[in-house]
Every structure is written in structure tokens, then in C-alpha cells.
Amino acid sequence: MKYKLLYIRKNFKLHEDGDRIRYLQSAVKMISDLHSPMEREHYLKQLASEFPDSSYEAMKLDLHEILLQSEKNRPDGDNKPILWNNVMNNERTAERTRKKIPTLLPAYHNAERLLLAIMMHDRDVCTHVETQLGDQFNVEAHAVLAAYLYAYYAQNSEPDASRYIAMLQDEQLESLASSIVMMGSGHGVNEQVIDDYIRQIRKVPMQEEVERKREERVRAERAGDHLRAAQIAIEIIALDKRLKST
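Residue numbering note: each chain is counted from 1, following its sequence as written. Totals for whole chains, interfaces and linings use all residues, but because this is a predicted model, local features are given only for residues with pLDDT of at least 70 and pairs of side-chain atoms are given and counted only at 80 or more. The basis for the side-chain values is all heavy atoms of the structure; hydrogens and waters are excluded.

### Digging into the overall build of the protein chain
A run of DSSP states H or I qualifies as a helix once it reaches four residues; a run of E qualifies as a strand once it reaches two. Both are numbered from the N-terminal end. The helix and strand inventory of the protein chain stands at 12 helices and zero strands. The order of helices and strands in the protein chain, counted from the N terminus, is α-α-α-α-α-α-α-α-α-α-α-α. A 1.4 Å probe rolled over the protein chains alone gives each residue an accessible area, and that area as a share of the maximum for its type sets the label: buried under 20%, exposed over 50%, partly exposed in between. Taken over 246 residues, the protein chain has a buried fraction of 37%. By the convention used here, residues are in contact when the closest approach between their heavy atoms is within 4.5 Å. Sequence-distant contacts, at least 24 apart, represent 63% of the contacts inside the protein chain between residues at least 6 apart. Per-residue accessibility takes into account occlusion by the displayed protein chains alone, with areas from the Shrake-Rupley method and a 1.4 Å probe. Carbon and sulfur atoms form 49% of the exposed surface of the protein chain, whose accessible area is close to 14,900 Å².

See below:
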């Protein structure tokens, strides 16, 4: 990474404010590609010490935004273009090359991440979620992170993101946890918000069951089995009532 950062410097006039800012933006983007949160932190601090007129917190915020956007706009397929050595004309070439397909994450996906972010900063919230939700996260990686959080707080009384992430010992989980912890906990200002997240997450299996029942009902109607279709319709009504009361 140090070599890469040195390599792209020649494309910028660092004595000019505009080019220096564009270089720092490009450097933060490159650092965001690192899998290890500790490595990202290391190079970000190096960058901040090299350019003391630039705020470390601002760089960290930019890194956070890039990680979040990367999760939202992950392209299909496994081929990732290698762009670090093609930063010419202040990265215009790279921007033309980087074609990403935007994807809209489901509401429960964001609810799970926001809830995990609060849990990483607050032991009491984590205990409440463990009681009310347990391992019923709909995204497998989120369920794993929650399980590690329960285990972490069983041994530690105070939240500590670095110690928690060190428990994971998996690059993908570390990267995910790092991006989530930087979301902060300000959005979970009261118990109502937290319980709303929990309800939203718990509804997903029932919503999926309703969709399966509706498809089954359509198949029964097409097959001429009207009795079965009527039975399924009753089951759908019961599930809808449960959803409204959850």
C-alpha cells in the first residue's frame, strides 16, 4: 500500500490545494480496499501525519462513507478491476472505468446493521437484543456478528470495538464489523427505536412465509384444486394478522 500511494502521487501537484485534496481522496479510496481494519487504520494515520493540515477525523469519515457505498453498490461477478496504477488526470480515467450496478438493500438489512452498530457501543442494548431476538438475524453474517457480540459482553463489561473485532479472526467479518461500528449509535436514541428495529427483523420470516403461501395458492388454483386454495387463503389471513400484531 505504501508503494501504491507513492506511485500515484506523481499524478498530482501536492503544493496546490485542489490537487492535494484530490490526492487524499484517491488515497483514502485505495486504503478502503484493504481487508484488515487495523491496516486501514495504520495507513490512514500515516496519511494524516504526512498532511497535518488535513483532519484525520475527516479522512476517517470519508473512509466510512466509501465502505458503506461499497456494500450498497457491490457489482455482480468476481472480477474486480485493478485501478490503483491507473490514476491519471486526477482519477477521471478510473471513474470512467469503475462501472458499478447500484442495488437497493432491503429495509430489514439496514435495520440489522443499525441495530448491530448500537449493540457494539452499548452492552445493555446488546443484552436486550439477545433476550428479544437472539440469533434470529436474517443475514447470516449479521447473525454471526451478533453471536460474537454476545460472547464478547459475557467476558467484558465495557464496549471496545478493537477487542471485539480482534475476536472475529476472519477478514470478511472484520471488514463488515469495522464498517458497521463506524455507523455509530446516535440513531438508536431510545428504546422505541431499538424495539422497532427488532420488530422489523422478526417480521421477515413471516413475510416470506406469506409470499410462499400466495405462490402455493396460485398453483392450487391453476391446478383446479379450489379447496386447497381456500385453505391456503385462510392460512394467509392468519399470518397477516400475526404480522400486524408483531
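Next comes the rest of the write-up.
### Comments concerning the pattern of salt bridges
Just to be clear on terms, a salt bridge is a Lys or Arg side-chain nitrogen sitting within 4 Å of an Asp or Glu carboxyl oxygen. With the rule as written, the count across this model stands at 10 salt bridges. In this structure, D196 engages R199 in a salt bridge whose closest nitrogen and oxygen atoms are separated by 2.3 Å. With D196 and R199 both in helix α11 (residues 191-222) and three residues apart, this pair spans about one turn of that helix. Its relative accessible area of 34% is what places D196 among the partly exposed residues. For R199, a relative accessible area of 30% corresponds to the partly exposed category. One salt bridge connects R228 with E235, and the closest N-O pair in it is separated by 3.8 Å. On the basis of relative accessible area, E235 is assigned to the partly exposed category, the value being 28%. One connected set of salt bridges, linked through shared partners, spans K213, E216, R228 and E235.

### With respect to the layout of surface pockets
In this structure, the second largest pocket occupies an estimated 410 Å³ of space. Here a cavity is any set of points on a 1 Å grid over the protein atoms alone where a 1.4 Å probe fits but cannot get out, and a pocket is any open set with protein on both sides within 12 Å along at least 5 of 7 lines; a residue lines the site when it has an atom within 4 Å of a point. Lining the second largest pocket are 17 residues, and of these P37, M38, S162, I165 and S178 sit closest to its centre. Contributing elements (two or more residues each) for the lining of the second largest pocket: α3 (37-50), α4 (56-72), α9 (161-168) and α10 (171-181). It is α3 that provides the largest number of residues to the lining of the second largest pocket, a total of five residues. Grid points are joined across faces, edges and corners, and a volume is the space filled by probe spheres set on the points.

### A closer look at helix α7 (residues 123-132)
Taken together, the buried positions of α7 are V125, C126 and V129. Along the long axis of α7, the arc covered by the buried residues comes to 100°, so they all point the same way. Pointing more than 90 degrees away from the buried face of α7 are the exposed residues D124 and T131. Here the buried face of α7 lies against α6 (107-121), α8 (140-155) and α11. What the arc covers is the set of directions going from the helix axis to the C-beta atoms.

### Re the packing of α9 against α10
The angle between two axes is taken between their N-to-C directions and runs from 0 to 180 degrees, where each axis is a line fitted to C-alpha atoms and a helix contributes only its stretch in contact. Look at α9 against α10: their axes get within 9 Å of each other, and the N-to-C directions meet at 155°. As far as their axial angle goes, α10 and α9 are roughly antiparallel. In this structure, α9 meets α10 at a crossing whose hand is right-handed. Taking contact as the criterion, the partners of A161, Y164, I165 and L168 in α9 are, on α10, L173, E174, A177, S178 and V181. For the contact of α9 with α10, a count of residues per class yields seven nonpolar, one polar and one charged. Note on terminology: angles under 35 degrees are roughly parallel, angles over 145 are roughly antiparallel, angles of 65 to 115 are roughly perpendicular, and the others are oblique. Two helices cross in a left-handed way if the nearer one is turned anticlockwise from the farther one by less than a right angle. They cross in a right-handed way if the turn is clockwise. In this count, Pro and Cys sit with the nonpolar residues alongside Ala, Val, Leu, Ile, Met, Phe, Trp and Tyr, while Asp, Glu, Lys and Arg are called charged and the others, Gly among them, polar.

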